[in-house]
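Next come the chains, spelled out residue by residue.
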Amino acid sequence: MENSLFENARNAVNRMTKNRNKNGQEPSQQDMQAAKQAIQSAYSQCSQEEKQELQQLEQRLEAEHNSMR
């Protein structure tokens, strides 16, 4: 299950990035919130290595959010 939470978080951030690049559209606030929640859920049940990747995903998410402004 923990791998599933981690994969969900990774996929949520990747979808947002790909959709933005593909469609030129900015992610919705709902998409951003869903990705943040997926990352937070994954933190509770992942390895130290995965936590580092989750931190990188959070940074990507923040970069996406900041570029929307």
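Residue indices follow the written sequence of each chain, beginning from 1 at its first position. The predicted origin of the model limits local features to residues at a pLDDT of at least 70 and limits the giving and counting of side-chain atom pairs to 80 or more, whereas totals for whole chains, interfaces and linings rest on all residues. The side-chain values count all of the structure's non-hydrogen atoms but skip hydrogen atoms and water molecules.

Between Lys or Arg on one side and Asp or Glu on the other, a salt bridge is scored when a side-chain nitrogen of the former is within 4 Å of a carboxyl oxygen of the latter. Summed over the entire model, instances satisfying the criterion amount to two salt bridges. Between Arg10 and Glu53 there is a salt bridge, with its nearest N and O atoms 2.9 Å apart. Here Glu53 lies in helix 3 (residues 48–68) and Arg10 lies in helix 1 (residues 2–23), a separation of 43 residues in the sequence. Secondary structure elements follow DSSP: runs of H or I of four or more residues count as helices, runs of E of two or more count as strands, with numbering from the N terminus.

Counting 15 residues, the largest nonpolar core has Ala9, Ala35, Ile39, Leu54 and Leu61 as its most contacted members. Where this core is concerned, the elements lending two or more residues are helix 1, helix 2 (29–43) and helix 3. It is helix 1 that contributes the most residues to this core, six residues altogether. Residues within four places of Ile39 in sequence aside, it is in contact with Ala9, Val13, Leu54, Leu57, Glu58 and Leu61. Here, the term nonpolar core denotes a set of buried Ala, Val, Leu, Ile, Met, Phe, Trp, Tyr and Cys residues that are joined through side-chain atoms within 4.5 Å. Whether a residue is buried, partly exposed or exposed follows from its accessible area with a 1.4 Å probe, protein chains only, as a fraction of its type maximum: under 20%, in between, or over 50%, in that order. By definition in these notes, contact holds between two residues if any of their heavy atoms fall within 4.5 Å.

With that settled, consider helix 2. In a helix, the anticipated span is given by 1.5 Å times the number of residues less one. End to end, helix 2 covers 21 Å across 15 residues, agreeing with the expected 21 Å (1.5 Å per residue, within 8%). Within the span of helix 2, buried status applies to Met32, Ala35, Ala38, Ile39 and Ala42. All buried residues of helix 2 fall inside an arc of 125° around its axis, so they share one side. Facing away from the buried side of helix 2 by more than 90 degrees, the exposed set consists of Gln29 and Gln30. Here the arc refers to the directions that run from the helix axis out to each C-beta atom.

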